[in-house]
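Here is what each chain is made of, one letter per residue.
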Amino acid sequence: MTGLEIALGAVGQEASRIRTHGEDYNAALEPLRARGDGVSSFGDDGLFGMFTSMYAECRAVSMAALAGLSTVMADTGDGLHAVVKNTRDGEAASTENVQNFGRTWL
């Protein structure tokens, strides 16, 4: 066969794995989120204020990036599941149309 071929079983299996990785990745971030900004416990008297504010900002940006990666992984798994569903639906519709086409010529 020429054209696009998809091993639907393998794609579906990998889609589930990728989605699970995204969920696991997000769960691994929970302990980091629970820590807060990471600098509140310093009790800063102003001496290290500049450093702690930079650290807090870097941490916030890093956490946002990591959370974004988690979302992208989960969305990729969902997208692959959609590919499997759409491919199956397309193949079923194509088969039905071919069968109906043969009946119209009889």
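Since the model is a prediction, treat every value here as computed from it, not as a measurement.

1. Notes on the overall build of the protein
Counting its secondary structure elements, the protein contains two helices and zero strands. When the 106 residues of the protein are sorted by exposure, 14% land in the buried category. Taking contacts inside the protein between residues at least 6 apart in sequence as the whole, the part at least 24 apart equals 77%. Carbon and sulfur atoms make up 62% of the accessible area of the protein, which amounts to about 7,900 Å² in all.

2. What about a nonpolar patch on the surface?
Together, Leu-47, Phe-48, Met-50, Phe-51 and Met-54 make up a nonpolar patch on the protein surface, roughly 580 Å² of accessible area in all. Mapped onto the secondary structure, Met-54 falls in helix H2 (residues 49-104).

3. Considering the pattern of salt bridges
All told, the structure shown has five salt bridges when counted by the stated rule. Of the charged contacts, one joins Arg-33 and Glu-30 as a salt bridge, the two residues approaching to 2.6 Å between their closest N and O atoms. With Arg-33 and Glu-30 both in helix H1 (residues 8-34) and three residues apart, the pair spans about one turn of that helix. A relative accessible area of 33% means that Arg-33 is categorised as partly exposed. Note on Glu-30: relative accessible area 41%, which makes it partly exposed. A salt bridge links Asp-89 to Lys-85; its shortest N-O distance comes to 2.7 Å. A residue pair is termed a helical-turn pair when its members lie 3 or 4 positions apart in one helix, as Asp-89 and Lys-85 do in helix H2 at four residues. Given a relative accessible area of 39%, Asp-89 falls into the partly exposed group. Here the salt bridges do not stand alone but share partners, grouping Arg-19, Glu-23 and Asp-78 into one network.

Rules used throughout
Residues numbered from 1 in each chain as written. Predicted model: local features only at pLDDT ≥ 70, side-chain atom pairs only at ≥ 80, totals over all residues. Heavy atoms only, no water. Helix = DSSP H or I, 4+ residues; strand = E, 2+ residues; numbered from the N terminus. Buried < 20%, exposed > 50% of the residue type's maximum accessible area, 1.4 Å probe, protein only. Contact = heavy atoms within 4.5 Å. Areas by Shrake-Rupley, 256 points an atom, 1.4 Å probe, with all protein chains shown as cover. Patch = residues over 30% accessible without salt bridge, like charges linked within 9 Å, V, L, I, M, F, W, Y side chains within 5 Å. Salt bridge = Lys/Arg side-chain N within 4 Å of Asp/Glu carboxyl O.

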